[in-house]
Amino acid sequence: MWLPRDYYDERDGHAGRPTVVVKVLQVERTCIVVPRTSQLGNRHRDDIFHPADPALGCCDKPGLWQPWRWRRVDFAAYDDDELGEFAKMDEELLTRIIGAYERCS
């Protein structure tokens, strides 16, 4: 899901990024998200390549999921009507992103 930067990183130079929830913290009413970038030139060793995937709505260009840039986001962020629809990611890709997040956190 595309998430405005105000919810995950106010210092991000972009207005927002595609993000994926990798962990839910029920008691704290937050979740951990991993952002995606379409800037392929600055690759980090823990980045996970992701080809263009229009089915996810906001991933129309090839990109990199960046688990080392994980952020904590309040559940309330997902109540924003302007966020659009949620999309379900391929299970294999999600498993790879979660594994990389666990190694980075």
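It should be noted that the structure appears before, not after, this text.
The sections below set out a description of the structure shown in this document. For clarity, every value in this text was computed on a predicted model and none was experimentally measured.

## Section: the environment of Ser-105
Its location among the elements puts Ser-105 in the segment after helix H2 (91-104). Sequence-wise, Ser-105 and Trp-70 are 35 residues apart; in three dimensions their C-alpha atoms are separated by 8.1 Å.

## Some points on the nonpolar core
Val-20, Val-22, Val-34, Trp-65, Met-89 and Ile-97 are the most contacted members of the largest nonpolar core, which totals 15 residues. Counting only elements with at least two residues in this core, the list comes to strand S2 (16-25), strand S3 (30-37) and H2. Beyond its immediate stretch of four places on either side in the chain, Val-20 contacts Ile-32, Val-33, Val-34, Trp-65, Met-89, Leu-94 and Ile-97. One finds Tyr-8, Val-33, Ala-77 and Tyr-78 within the second-largest nonpolar core, a separate group that totals 9 residues.

## Observations regarding the side chain of Thr-30
As for its placement among the helices and strands, Thr-30 is situated in strand S3. For Thr-30, a relative accessible area of 5% puts it in the buried group. The residues contacting Thr-30, other than those within four sequence positions of it, are Val-24, Leu-25, Arg-72, Val-73, Asp-74 and Phe-75.

## Here we look at H2
With 14 residues, H2 should reach 20 Å at 1.5 Å per residue; the first-to-last C-alpha distance of 20 Å fits that figure. Here H2 has its buried residues at Leu-93, Leu-94, Ile-97, Gly-99, Ala-100 and Tyr-101. At its buried positions, H2 is contacted by S2, S3, strand S4 (48-50) and strand S5 (63-65).

## Observations concerning the side chain of Asp-47
Position of Asp-47 among the secondary structure elements: in the loop between S3 and S4. At 2.6 Å, the side chain of Asp-47 and the side chain of Trp-68 are in polar contact. Not counting residues within four places of it along the chain, the set of residues in contact with Asp-47 comprises Asn-42, Leu-64, Trp-65, Gln-66, Pro-67 and Trp-68.

Rules used in this analysis
Residues numbered from 1 in each chain as written. Predicted model: local features only at pLDDT ≥ 70, side-chain atom pairs only at ≥ 80, totals over all residues. Heavy atoms only, no water. Helix = DSSP H or I, 4+ residues; strand = E, 2+ residues; numbered from the N terminus. Core = buried A, V, L, I, M, F, W, Y, C linked by side-chain atoms within 4.5 Å. Buried < 20%, exposed > 50% of the residue type's maximum accessible area, 1.4 Å probe, protein only. Contact = heavy atoms within 4.5 Å. Expected span 1.5 Å × (residues − 1). Polar contact = N/O pair within 3.5 Å; in protein donor to acceptor, adjacent residues only side chain to side chain.

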